[in-house]
Amino acid sequence: MVRVSADDETESAVAVDPLTAGGENRDDGDRPRRAFWADAVADEIEARDPEEPIVVKGGVSPSGVPHIGHLNEVMRGYLVAEALRERGREVRQVFTADDRDPLRAVPRTLATLDWEVVSLGDTENPGALGRNLGRPLTDVPDPFGCCDSFGAHQTHLLQRMADAVGVPVEVVSNTDLYEDGGFEEVTRDLLADRERAREVLAEYQASVDPDGDYVPFTPICDSCGKLTGRVVAVDLDGGTVDYVCEDSEAGNRTIEGCGREGTATLREGKLPWRFEWPAQWRVLGVDFEPFGKDHAEGSWPSGEHVSREVLGFEPPVPMVYEWFTYNGEALSSSSGHVVTVDDVLSMLEREVFRYFFTKPPKRARDFDVGGLDQLVDEFDRFEATYFGTVDADEDERSLADRAYPMCVDDVSGSSPVRIPYTFAAVLGMTDDSDLRATMARRSGHLPEDAAPESVSLALARVEKAREWAVRTDNEYNYRLAESLPAVDPTPEAAAALEDLADFVEREAPDGETLQGEIYETARGHGVGVGDFFELGYRLFLDEPEGPRLGPFLAALDRRFVLRRLRREG
RNA sequence: GGGCUGAUAGCUCAGCCAGGCAGAGCAUCUGGCUCUUAACCAGACAGUCGGGGGUUCAAAUCCCCCUCAGCCCGCCA
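In this text, all values refer to a predicted model and were calculated from it rather than measured experimentally. (Residues numbered from 1 in each chain as written. Chains lettered and ligands numbered in written order. Predicted model: local features only at pLDDT ≥ 70, side-chain atom pairs only at ≥ 80, totals over all residues. Heavy atoms only, no water.)

Student: I'd like a rundown of the pattern of salt bridges, residues and numbers included.
Tutor: Note that side chains of opposite charge can pair when their charged atoms are close. Scanning the entire structure with this criterion turns up 48 salt bridges. Between Arg230 and Asp213 there is a salt bridge, with the nearest N and O atoms lying 3.7 Å from each other. Of the two residues, Arg230 sits in strand β7 (residues 229–235) while Asp213 sits in the loop between α7 (194–202) and β6 (218–219), which places them 17 residues apart along the sequence. Taking the relative accessible area as the measure of exposure, Arg230 reaches 35% and is therefore partly exposed. Accessibility expressed as a relative area gives 57% for Asp213, which makes it exposed. Its salt-bridge partner being Glu467, residue Arg471 comes within 2.8 Å of it at the nearest N-O pair. Separated by four residues within a single helix, Arg471 and Glu467 lie in helix α16 (residues 452–472), roughly one turn from each other. On the basis of relative accessible area, Arg471 is assigned to the partly exposed category, the value being 42%. (Salt bridge = Lys/Arg side-chain N within 4 Å of Asp/Glu carboxyl O. Helix = DSSP H or I, 4+ residues; strand = E, 2+ residues; numbered from the N terminus. Buried < 20%, exposed > 50% of the residue type's maximum accessible area, 1.4 Å probe, protein only.)

Laid out in structure tokens, this is it:
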């Protein structure tokens, strides 16, 4: 349990411990056991008997390159939203771009709207950021020059990220909430009760003096434009505050104030994060919010306390998720160790990527690009479990029953045709889509009678798997040699190739027959089997090794195979 | 220093909430397929459930201590 307050006598708030949220039922044993964590969370939300539409929120401060870690803020909420919708609830999913946050540091890397990750120096206006430290992100020019502000650029990327995974979210700009007056009433309440606000926050932040003059609002200086105003007087009737523009600390650097003494309205500033978060909950009516483990012990307990004791409402059901790593190392938005949604979707089908987020949120997970074939194989089994075409235990079945429909756009009546991912990568050896289909059929991965639509859906995986094989340059990264590779067979091997060509021409063998014939031919000419296979791989792939040669050659165009075996081109 | 979370087969992970034979996939090995070839099939091997203690008829699961990793206890999100 989170201790809400050391000296709280007015109410013994039942603190929900977010660290155990997300799968476990808590204080009662009445709720049913759930195979899918999102259903356990949905149970918890429904237990509060919320008004509809139920609001699920996520949000990020849009500063560096948005990466798959940020997608937790979209996908975890989405899965809970879907669990509720399937129970007949109306749900709104909103996503806040915390774009009034000040620019605190200059990110080393940024992304274009097309997800090209570039260093700041390569943008059109690299000085835009460094010259505007301390200003709200929406008041900083876009270094790319394509959007109204840096904040707008970043928020645009967040929207595109959600679109890319096919999750409909309402993106809400914090700056808009301030400027349109959405935050005005809650700001007024916080200022009216600023002593209480200060006392509560002081329990969580040593820098706040409970008897001091802390005010939970930071005006934007109307002279230098930075979030450096310190409030010296509050006029609630007039709806303004007086401020002095002073130096403020941001990270390990100081943002210089300009000394200006001015007046700002309640729309011309920003609530400190510890108050802004609960303010969002109230203004947007949030019922559920997932957040990263970094929030679990700082902002969540204080936000929960602020919302109950200062603002007077029940905070949302919380859920902490563990962070992802990428190839074993922490993702870093500013330094550029990132994998973007665009990167991922170039290698994975959208439904497979969504499946990744159905795994329990509390466990740290590595997004291991080298092992993506395992993830796809797992998804294929998950899908087959849903359609009942594979043996699975009861837990697997009930999980698939619930979670699979949330991964795909439409559940079709029968299981889609799936080509195993590594084989799909092998098919990427050729760009000829007819040849891909032929090879898939002859290898038994594509039914002869498959409808054209299901063939093209199945073959869509080839581009993804090919991209994966190329990026990781792994053992599935084959390329059909377009022109005759340089080979220098011994006379015996040359004669064997000639015989093999004749056999192929005469018999049009299937893969297994051809595989056997390769052995026979090699032996018949006194050529080492290993050497002969290597010669074959060299001729067709210009590699010393490759897929099983007989089925591989049988799947290729026969005229091409003959020409190549005879070294005619 | 105080706190939160995690650690299960070589690898990736289920199982833990509500105690009941230690699981899956991949990898490995063996065998099969007229056949050493990364796209086939079958079988086998594989774990001190991070370590130690406790509760219990019974502990991966509940409790306590410890180790390691990430995070929080400044700012910020």
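Next comes the rest of the description.
Student: I'd like a rundown of the packing of aromatic side chains, residues and numbers included.
Tutor: Tallied over the full model, the rule gives 27 aromatic pairs. Note on Phe356 and Phe367: the rings are 5.5 Å apart at their centroids and 85° apart in plane angle, and the pair reads as edge-to-face. Residue Phe356 is located in helix α11 (residues 350–356), and its partner Phe367 is located in strand β17 (residues 365–367); the two are separated by 11 residues in the primary sequence. Accessibility expressed as a relative area gives 4% for Phe356, which makes it buried. The interplanar angle of 50° and the centroid separation of 4.9 Å between the aromatic rings of Tyr421 and Trp468 together place this pair among those described as tilted. You can see Tyr421 sitting in helix α14 (residues 421–427) and its partner Trp468 sitting in helix α16, a full 47 residues away along the chain. Using a relative accessible area of 0% as the deciding quantity, one classes Tyr421 as buried. Classification of Trp468 as buried rests on a relative accessible area of 1%. An aromatic cluster of three or more residues is present, and its members are Tyr355, Phe379, Phe382, Tyr386, Phe387 and Tyr404. (Phe/Tyr/Trp six-rings, centres within 6.5 Å; stacked < 30°, edge-to-face > 60°.)

Student: Provide a residue-level description of the sheet that holds β7, including the pertinent values.
Tutor: With respect to topology, three strands assemble into an open sheet ordered β7-β8-β11, the strand pairing being antiparallel. Every other strand in the sheet has two partners, leaving β7 and β11 (261–265) as the edge strands with one partner each. Along the sheet, successive strands turn relative to each other by an average axial angle of 30°, direction set aside. Across six bridges, β7 lies against strand β8 (residues 240–245) in antiparallel orientation. (Pairing = 2+ DSSP bridges. Axes fitted to C-alpha atoms, helices over the stretch in contact; angles between N-to-C directions.)

Student: So what about a negative patch on the surface? Which residues, and what values?
Tutor: On the surface, Asp473, Asp531, Glu534, Glu543 and Glu545 cluster together into a patch of negative charge. Turning to its location among the elements, Asp473 is positioned in the loop between α16 and α17 (491–507). On the basis of relative accessible area, Asp473 is assigned to the exposed category, the value being 56%. (Patch = residues over 30% accessible without salt bridge, like charges linked within 9 Å, V, L, I, M, F, W, Y side chains within 5 Å. Areas by Shrake-Rupley, 256 points an atom, 1.4 Å probe, with all protein chains shown as cover. Lys, Arg positive; Asp, Glu negative; His and termini not counted. Charge placed at Lys NZ, Arg CZ, Asp CG, Glu CD.)

Student: Requested: an account of the pairing of β8, with residues and values cited.
Tutor: A large share of β8 lies buried, amounting to five of its six residues. Hairpin remark: β7 followed by β8, antiparallel, with four residues in the connecting loop; positive phi at Gly239, about 70°. Sheet topology places β8 next to β11; five bridges connect them, and they run antiparallel. Counted as the bridge partner of Val244 is Glu261 from β11.

Student: Which residues make up the environment of Gly182, and what values do they have?
Tutor: Structurally, Gly182 is set in the loop between α5 (174–179) and α6 (184–192). By relative accessible area, Gly182 is classed as partly exposed at 32%. Sequence separation of Gly182 and Val283 is 101 residues, and the distance between their C-alpha atoms is 7.0 Å. In contact with Gly182, other than residues within four places in its own chain, are Leu177 and Val283. (Contact = heavy atoms within 4.5 Å.)

Student: With reference to specific residues and values, describe the packing of α17 against helix α19 (residues 529–541).
Tutor: The N-to-C vectors of α17 and α19 enclose an angle of 70°; their axes lie 11 Å apart at closest approach. One finds that α17 runs roughly perpendicular with respect to α19. The crossing of α17 and α19 is right-handed. Of α19, the residues touching α17 (which contributes Ala493, Ala496, Leu497 and Leu500) are Phe532, Leu535 and Leu539. Looking at the contact of α17 with α19 residue by residue, the classes come out as seven nonpolar, no polar and no charged. (Parallel < 35°, antiparallel > 145°, perpendicular 65-115°, else oblique. Left-handed = near helix turned anticlockwise from the far one by under 90°. Nonpolar A, V, L, I, M, F, W, Y, C, P; charged D, E, K, R; others polar.)

Student: Could you give me a rundown of the protein's contact with RNA strand B, with the residues and numbers involved?
Tutor: Around RNA strand B there are 52 residues in total, and Arg33, Arg104, Trp273, Tyr519 and Glu545 lie nearest to it. Between Gln205 and RNA strand B, the recorded distance is 2.9 Å, taken from a side-chain N or O atom to a phosphate oxygen. Listing elements by their share of the surface near RNA strand B, those giving two or more residues are α8 (273–284), β17, α18 (511–524), α19 and α20 (549–555). In terms of residue count, α18 provides more of the surface near RNA strand B than any other element does, five residues in total. Split into classes, the residues belonging to the surface near RNA strand B amount to 15 nonpolar, 14 polar and 23 charged. (Near = heavy atom within 4 Å. Polar contact = N/O pair within 3.5 Å; in protein donor to acceptor, adjacent residues only side chain to side chain.)

Student: Give me the lowdown on the confidence of the model for chain A, citing residues and values where you can.
Tutor: Caution applies to low-pLDDT regions: their predicted coordinates should not be interpreted in detail. For chain A, the mean per-residue pLDDT works out to 87, and 94% of the residues sit at or above 70. Below pLDDT 50 for its whole length, residues 1–29 participates in 62 contacts with residues either more than four positions away or in separate chains. (pLDDT = per-residue confidence, 0-100.)

Student: Summarise the nonpolar core; cite the residues concerned and give the values.
Tutor: Residues Leu348, Phe353, Phe367, Phe540, Phe552 and Leu556 are the most contacted members of the largest nonpolar core, which totals 117 residues. Ignoring any residue separated from it by four or fewer positions in sequence, one finds Phe552 in contact with Met429, Met439, Leu480, Phe540, Leu541 and Pro547. Val172, Leu201, Trp277 and Phe291 belong to the second largest nonpolar core, which has 38 residues in total. (Core = buried A, V, L, I, M, F, W, Y, C linked by side-chain atoms within 4.5 Å.)

Student: If you had to explain the sheet that holds strand β16 (residues 329–330) to someone new, which residues and values would you point to?
Tutor: Pairing within the open sheet is mixed, and its three strands lie in the order β16-β15-β17. The open sheet terminates on both sides in strands that have one partner only, identified here as β16 and β17. Pairing of strand β15 (residues 324–326) with β17 involves three bridges; the strand directions are parallel. Note on β17: the bridge partner recorded for Tyr326 is Phe367.

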